[in-house]
Amino acid sequence: AISAFRGRLGLDYRGWKIRGWVEAQVRKQLRHGWSPEQISKRLLLEKGFQVSTEGIYKYILSMQRRGEHWHKCLRMSGRRRKRFIRRSRYWQHQRQRRKSVELRSEAANQRVETGHWERDLMLGKRGTGGILTIVDRKTHYALLKRVSALTADEVNQATFRAVNEAKQPCHTITNDNGHEFGRFWELEEQLNVPIYFTHPLCPWERGTVEHTIGLLRQYLPKGSDFTSITSEYLEDLQFTLNSRPRKSLGFLTPLEIVEGKPQHLITKKRVE
């Protein structure tokens, strides 16, 4: 029954191929300024079948290739397509310039020297920014900086400040493929160190910073509002984290490894 009904309408719709009566209706309503979604839903409402919105967009694109400019009837008039082309080229340029973690030196992989850092962004409540977490692979020494916006420029600036203020060796940085780590070549030039990227969906390739963020969640649970976090509080939290004994370090603290002198964390004083 449905096929007979379509035949009476002169409909030939296979994927994005629109012909016959439906093609005439699509062209008519495009001239009237309708969007592909409006045409699709009205066909379903009035005639009981639906040509998908994506199918109508593909039809418009195919007509453009044949020299018919139905895309000019759209409200955006092709501007959206250009926008996505620019975005695609931007990320393609990013991927071409990235260095895979496979190229990282054995000194970094085997944790035989300090100065090989991992970084990630711990997010708080939506719209309240994040905590940039940078951790040394050998000593597990952590650097913390709050960023109010999750942009590459702000993350780069926070990374540069954190590394400079720490006065620790910095030979490499490893992070994931998040957009907040874009424009990495600018940071490479500022710090004069290579930045490596892990494979997608492989968090174990930056396991040190993942574990550190897990420890941070004890103090800043998921959904926390980061707008109230002051630089003084973050410094205290960084000290607390670096003064925490680690099993992987023989229950020494990262601060003891970095400074080369013991911390007196257990005292004889009575704790009230």
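Residues numbered from 1 in each chain as written. Predicted model: local features only at pLDDT ≥ 70, side-chain atom pairs only at ≥ 80, totals over all residues. Heavy atoms only, no water.

Attention now goes to helix H4 (residues 53–65). The terminal C-alpha atoms of H4, which comprises 13 residues, lie 19 Å apart, in line with the 18 Å expected from a rise of 1.5 Å per residue. Residues of H4 that are buried include every one of Gly 55, Ile 56, Tyr 59, Ile 60, Ser 62 and Met 63, and no others. Looking down the long axis of H4, one finds its buried residues gathered within 165° of arc, a one-sided arrangement. Elements in contact with the buried residues of H4: helix H2 (20–31) and helix H3 (36–47). Of the residues one or two after H4, Gly 67 is the one with positive phi, at around 95°. (Helix = DSSP H or I, 4+ residues; strand = E, 2+ residues; numbered from the N terminus. Expected span 1.5 Å × (residues − 1). Buried < 20%, exposed > 50% of the residue type's maximum accessible area, 1.4 Å probe, protein only. Arc of directions from axis to C-beta. Contact = heavy atoms within 4.5 Å.)

Before going further, it helps to examine the pattern of salt bridges. Following the criterion strictly, the structure yields 11 salt bridges and no others. A salt bridge links Glu 165 to Lys 145; the shortest N-O distance between them is 2.7 Å. Separated by 20 residues along the polypeptide, Glu 165 in helix H7 (residues 152–166) and Lys 145 in strand S4 (residues 142–147) bring together distant segments of the chain. Residue classification places Lys 145 among the buried residues on the basis of a relative accessible area of 18%. A salt bridge links Asp 176 to Arg 206; the shortest N-O distance between them is 3.6 Å. Here Asp 176 is found in the loop between strand S5 (172–175) and helix H8 (184–191), whereas its partner Arg 206 is found in the loop between strand S6 (195–197) and helix H9 (207–216), with 30 residues between them in sequence. Exposure remark for Arg 206: the relative accessible area of 10% places this residue in the buried category. Ionic contacts of the salt-bridge type, sharing partners, join the residues Asp 120, Asp 176, Arg 206 and Glu 210 into one network. (Salt bridge = Lys/Arg side-chain N within 4 Å of Asp/Glu carboxyl O.)

The subject of this paragraph is the sheet that holds strand S1 (residues 99–100). Strand pairing within a sheet occurs via backbone hydrogen bonds; the two strands may be parallel or antiparallel. Here we have six strands laid out as an open sheet, ordered S1-S6-S5-S2-S3-S4, and mixed in their pairing. Two strands close off the open sheet at either side, each with one partner strand: S1 and S4. Bridge analysis of S5 against S6 gives three bridges, and the strand direction is parallel. The residue bridging Asn 175 from the neighbouring strand is Phe 197, located in S6. Lying over the sheet, H9 contacts strand S2 (116–123), strand S3 (130–136) and S4, oriented at roughly 40° with respect to S2. Across the sheet, helix H10 (residues 231–242) touches S3 and S4, and the angle it forms with S4 is around 155°. (Pairing = 2+ DSSP bridges. Axes fitted to C-alpha atoms, helices over the stretch in contact; angles between N-to-C directions.)

If you look at the biggest cluster of nonpolar residues, it comprises 23 residues, and the most contacted ones within it are Trp 117, Leu 132, Leu 143 and Ile 173. Counting only elements with at least two residues in this core, the list comes to S2, S3, S4, H7, H8 and S6. Tallying contributions element by element places H7 first for this core, with five residues. Discounting chain neighbours no more than four positions away, the residues touching Ile 173 are Trp 117, Arg 119, Thr 159, Leu 191, Val 193, Pro 194, Ile 195 and Tyr 196. (Core = buried A, V, L, I, M, F, W, Y, C linked by side-chain atoms within 4.5 Å.)

Right, let's talk about the side chain of Ser 224 for a bit. Within the fold, Ser 224 resides in the loop between H9 and H10. According to the relative accessible area criterion, Ser 224 is buried, its value standing at 16%. Those residues in contact with Ser 224 that sit more than four places away from it in its chain are Gly 124, Lys 125 and Thr 128.

What follows deals with the pairing of S3. Judged by how many residues are buried, S3 sits mostly within the fold: seven of seven residues are covered. On S3, burial covers both faces: Gly 130, Leu 132, Ile 134 and Asp 136 on one face and Ile 131, Thr 133 and Val 135 on the other are all buried. Following S2, the chain reverses through six residues before pairing antiparallel with S3; Gly 127 in that reversal takes a positive phi of roughly 90°. With six bridges joining them, S3 and S4 adopt antiparallel strand pairing. Across the sheet, the residue bridging to Val 135 is Ala 142, located in S4. With antiparallel pairing between neighbouring strands as the criterion, S3 and S4 make up a hairpin whose turn holds five residues, including His 140 at a positive phi of roughly 65°.

This part takes up the packing of aromatic side chains. Each aromatic ring pair is summarised here by two numbers: the centre-to-centre distance and the angle between the ring planes. Evaluated as defined, the whole model comprises two aromatic pairs. Note on Phe 184 and Trp 185: the rings are 5.3 Å apart at their centroids and 75° apart in plane angle, and the pair reads as edge-to-face. Across the pair, Trp 185 and Phe 184 agree in class, each one buried. Taking 4.9 Å as the distance between ring centres and 70° as the angle between the ring planes, the aromatic pair formed by Phe 184 and Phe 197 counts as edge-to-face. Of the two residues, Phe 184 is situated in helix H8 and Phe 197 in strand S6; the sequence distance between them amounts to 13 residues. The same class applies to Phe 184 and to Phe 197, which are both buried. Through pairs of rings, three or more aromatic residues link up here, namely Phe 184, Trp 185 and Phe 197. (Phe/Tyr/Trp six-rings, centres within 6.5 Å; stacked < 30°, edge-to-face > 60°.)

By themselves, these observations are geometric and do not establish any function.
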